[in-house]
Each structure stands twice: as C-alpha cells, then as structure tokens.
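These are the residues of each chain, in order.
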Amino acid sequence: LQARGMRVRYMNIGDPVAAGFQTPPHLIEAVHRAIRDGHNGYLPSAGLPEAREAVAADYTARGVSTSADRVLITDGTSEGIDIALNALVDEGDEVLVPSPTYPLYTAVLAKINATPRFYRTDPERGWLTDIDHLRSLVTPRTRVLVIIDPNNPTGAVYPASVRRALIDLAEEHNLTILADEVYADLGFEGSVPLLGTLEPDAPIISFSSL
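Residues numbered from 1 in each chain as written. Predicted model: local features only at pLDDT ≥ 70, side-chain atom pairs only at ≥ 80, totals over all residues. Heavy atoms only, no water.

Caption draft 1: Just the overall build of the chain, in detail. Along its length, the chain carries 6 helices and 6 strands. The secondary structure elements of the chain, listed N-terminal to C-terminal, are α-α-α-β-α-β-β-α-β-α-β-β. Computed over C-alpha atoms, the radius of gyration of the chain comes to 18 Å, within 12% of the 17 Å expected from 2.2 N^0.38 for 210 residues, which places it in the range of a compact globule. Along the longest, intermediate and shortest principal axes, the C-alpha atoms of the chain span 55 × 50 × 40 Å. Scored against the burial criterion, the 210 residues of the chain give a buried share of 34%. On the chain, roughly 12,700 Å² of surface is accessible, and the fraction owed to carbon and sulfur atoms is 55%. If the 17 positive side-chain charges of the chain are averaged to one point and the 28 negative ones to another, these points end up 5 Å apart. (Helix = DSSP H or I, 4+ residues; strand = E, 2+ residues; numbered from the N terminus. Rg over C-alpha atoms; globule rule 2.2 N^0.38 Å. Buried < 20%, exposed > 50% of the residue type's maximum accessible area, 1.4 Å probe, protein only. Areas by Shrake-Rupley, 256 points an atom, 1.4 Å probe, with all protein chains shown as cover. Lys, Arg positive; Asp, Glu negative; His and termini not counted. Charge placed at Lys NZ, Arg CZ, Asp CG, Glu CD.)

Caption draft 2: Representation of the packing of aromatic side chains. All chains considered together, the criterion is met by 0 aromatic pairs. Above the plane of the ring of Tyr59 lies Arg62, whose end atom (NZ or CZ) is 5.6 Å from the centre. (Phe/Tyr/Trp six-rings, centres within 6.5 Å; stacked < 30°, edge-to-face > 60°. Lys NZ or Arg CZ within 6 Å of the ring centre and 35° of its normal.)

Caption draft 3: Just unusual backbone geometry, in detail. Omega for the peptide link from Ser99 to Pro100 comes to 0°, which places this bond in the cis form. Checked against the element boundaries, Pro100 lands in the loop between strand S1 (94-99) and helix H4 (104-112). Residues Asp149 and Pro150 are joined by a peptide bond in cis, for which omega reads 0°. As for its placement among the helices and strands, Pro150 is situated in the loop between strand S4 (142-148) and helix H6 (160-172). Backbone geometry at Asn174 places phi at a positive 60°, although glycine is not the residue there. Position of Asn174 among the secondary structure elements: in the loop between H6 and strand S5 (176-180).

Caption draft 4: Representation of the environment of Ser191 in the model. Locating Ser191 in the fold gives a position in the loop between S5 and strand S6 (204-207). What makes Ser191 exposed here is its relative accessible area of 56%. Each C-alpha atom of the pair Ser191 and Pro150 lies 9.7 Å from the other, and the pair is 41 residues apart in sequence. Those residues in contact with Ser191 that sit more than four places away from it in its chain are Ala184 and Asp185. (Contact = heavy atoms within 4.5 Å.)

Caption draft 5: Layout of the sheet that holds S5. With respect to topology, 6 strands assemble into an open sheet ordered S3-S2-S1-S4-S5-S6, the strand pairing being mixed. The open sheet has two edge strands with one neighbour each: strand S3 (128-129) and S6. Pairing of S5 with S6 involves 4 bridges; the strand directions are parallel. From the neighbouring strand, Ala179 faces S6, where its bridge partner is Ser206. (Pairing = 2+ DSSP bridges.)

Caption draft 6: Representation of the environment of Gly76 in the model. By secondary structure assignment, the location of Gly76 is in the loop between helix H2 (49-61) and helix H3 (77-88). What makes Gly76 partly exposed here is its relative accessible area of 36%. Measuring from C-alpha to C-alpha, the distance between Gly76 and Asp37 comes to 24 Å, with 39 residues separating the pair along the chain.

So far we have only geometry, and geometry alone does not tell us how the molecule works.
Shown next, in the form of structure tokens:
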C-alpha cells in the first residue's frame, strides 16, 4: 500500500514516543541515578529480586495472588512471549491466534516452524471472539491459546462471559493460555481485570509491561 502511495497508519505498534508522548522525567532520572551508582552489570536471569517482588505484589493487589518466584522479568513483553512459545511449542505444533493479531506471534511461530491457527473475531460484535469457530480449530497438535485482552490491534475488551468461555475451552483441551494483558491499565472504561481473577488455578501465563 505504501509503495502505491497510500498513507498507512500503524495501529499495532505500542510505542508512546512515536505517538508524541515523552518519557516521564522521574524515569529518566532513575536511569541516570542507576548508572551513576554503578548498576551497569549483568542481572540475575530471572530479573532483580526487588522487581520480581514488586510485580508479584502488583498482581496480588489486582486479584491474582502470586509470589516472586513465579515472576520472570524480560527485556520487554516480546521477549517473554518468545520464551514462552519456545518452551511450550515444538515444530509442527499448532497455536490458536486471534485474527487480526499482533504480528509478533506469527513471527515467533515461523521461527519455531509451528502453525498459527487463526480464530475469528467479529467486527459486528465489537471484535469479540467467535467461540464456535475457535473450538472448530482445535486438533491433537494444538498446544497454546493466545488471548490478547484488551486486544491489539482492535481495542476490544472481552466481557466476563467470553473470558470464561476461553478459559473453559483451554482447560477442556489441556491448552496453556498466553494472556497478553499489556494494555490492561488502558481500558476505555478503566483498568481491565486480569484473566486469572476468573480462575486462579487456570493454566495462564500472563504478560504485562512497563
């Protein structure tokens, strides 16, 4: 489209600076202070203990009780998604991915040589998941269900009934849920509850971001 002279607006890239927002001064100062104080070396692979404890406390305050040993700090959520898919999916396996989707998922699956199975979301119903279509895609090679809620790029926020149906389907077919919850603080009507609040014991890996 761009090569033909059309203007393309990239709505799937969550880069605040590119959209005109500036990094808050207190964050810039925190980075400067850390460098001045010599915090420039390698970190523990799972992340600084203080950071892991802070994330665990945040999730617990938001209704998903967890401990720091269940938290992994990565270099952006993209790295976390890459690690999770590589751990859960082998060559030839299948992953249920919403359509339209955030393109990182298909890129990682191409690297693994695994197959994305795209489940429909309905623009006539606020881009909600078509549960029947999703169910029809499950095969013996299906390993993971990707849920992006709030959704990137559609902006959809799923009601509890849809979220419950997604959890039930994953448990029925022994699938791990990758819950991309990066935009949970940016719902149109306020913060969106974490998926794990519906069922703390569900097989969910939750991704959040700073």
